[in-house]
Amino acid sequence: ELGIRGGQLSIFDSTIKDVYGNGWIVNPFIRISSDKTPLAVEFSYEGGYNQSAPIGIYDEMSTLKLYGFEMSGYIWHRFGRVIPYLKMGIAYYYYRQEIDSEFVEKKVQGSEQLLLFAAGLDIDLMKGLYLNGEVKAVPWLVAPYGIEIKLGGMRYMVGVGYRFSLGAKKNIKDVEEIY
């Protein structure tokens, strides 16, 4: 399966949210699954959060970028054309803050490996093509300069995907049994 989701990232930390706000993200993914088992693996990238805002007592311009790579296992169950799922995985997220200033360090960056949790729903539209919705929580705590900041947040996304088989072709009877 191949797909892409997009949506809103709602940051947990109120100070970061007040300065940079929530932002839009994009989440392309590859899923490996089988009709024979309700388990699957997903590999994805999350990017797009790139917010700029003035900070500090001199209102110096700054930019915050968040992005990451994810590997998840998930369990699903088909109810006709609807497939709800639960997902848990490991993510490797990066952050980078740049400040345009004469008085402070201009770049702060870091990365961390962490867990992610999600619930979602696939709705089959036609053979192979489906609509996807997902809510994901990423609990991410960083501490540049010893100050703890919750860069994690909730992701609310919708997207589309396409299922295809690399195995033997199914006949009409096999497809009718799925629906």
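Residues numbered from 1 in each chain as written. Predicted model: local features only at pLDDT ≥ 70, side-chain atom pairs only at ≥ 80, totals over all residues. Heavy atoms only, no water.

## Concerning the packing of aromatic side chains
Then, number 1: All told, the structure shown has eight aromatic pairs when counted by the stated rule.
Then, number 2: With centroids separated by 6.4 Å and ring planes inclined at 90°, the aromatic side chains of phenylalanine 69 and tyrosine 94 adopt a geometry described as edge-to-face. On the criterion of sequence distance, the pair formed by phenylalanine 69 in strand 4 (residues 60-76) and tyrosine 94 in strand 5 (residues 82-99) is long-range, its members being 25 residues apart.
Then, number 3: The partly exposed category is assigned to phenylalanine 69, whose relative accessible area is 44%.
Then, number 4: Pairing tyrosine 74 with tyrosine 85 gives two aromatic rings, centres 5.1 Å apart and planes at 55°, and the pair type is tilted. (Phe/Tyr/Trp six-rings, centres within 6.5 Å; stacked < 30°, edge-to-face > 60°. Helix = DSSP H or I, 4+ residues; strand = E, 2+ residues; numbered from the N terminus. Buried < 20%, exposed > 50% of the residue type's maximum accessible area, 1.4 Å probe, protein only.)

## Details of unusual backbone geometry
Trans is the common state for peptide bonds, and a negative phi is the common state for residues other than glycine.
Then, number 1: Positive phi is not limited to glycine here, since aspartate 59 has a value of about 50°.
Then, number 2: Within the secondary structure, aspartate 59 is located in the loop between strand 3 (37-55) and strand 4.
Then, number 3: Taking relative accessible area as the criterion, aspartate 59 reaches 54% and is therefore assigned exposed.

## What about the environment of isoleucine 30?
Then, number 1: In this fold, isoleucine 30 is placed in strand 2 (residues 23-34).
Then, number 2: Given the relative accessible area of 43%, isoleucine 30 is considered partly exposed.
Then, number 3: Counting along the chain gives 133 residues from isoleucine 30 to arginine 163, while the straight-line C-alpha distance between them is 10.0 Å.
Then, number 4: When near neighbours in sequence (up to four residues on either side) are disregarded, isoleucine 30 contacts Glu1, Leu2, Val41, Glu42 and Phe43. (Contact = heavy atoms within 4.5 Å.)

## Here's the deal with the pairing of strand 10 (residues 153-162)
Then, number 1: Here 10 bridges tie strand 1 (residues 2-11) to strand 10, and the two strands are oriented antiparallel to one another. Counted as the bridge partner of glutamine 8 is tyrosine 156 from strand 10.
Then, number 2: Here strand 7 (residues 129-138) runs beside strand 10; their pairing, made up of 10 bridges, is antiparallel. Residue pairing for strand 10: alanine 137 is matched across the bridge by methionine 154. (Pairing = 2+ DSSP bridges.)

## What to know about the sheet that holds strand 2
Then, number 1: The sheet built from eight strands closes into a barrel, its strands ordered 1-2-3-4-5-6-7-10 with antiparallel pairing. Each adjacent strand pair in this sheet contributes to an overall mean axis angle of 25°, direction not counted. (Axes fitted to C-alpha atoms, helices over the stretch in contact; angles between N-to-C directions.)

These figures come from the coordinates and say nothing about function on their own.
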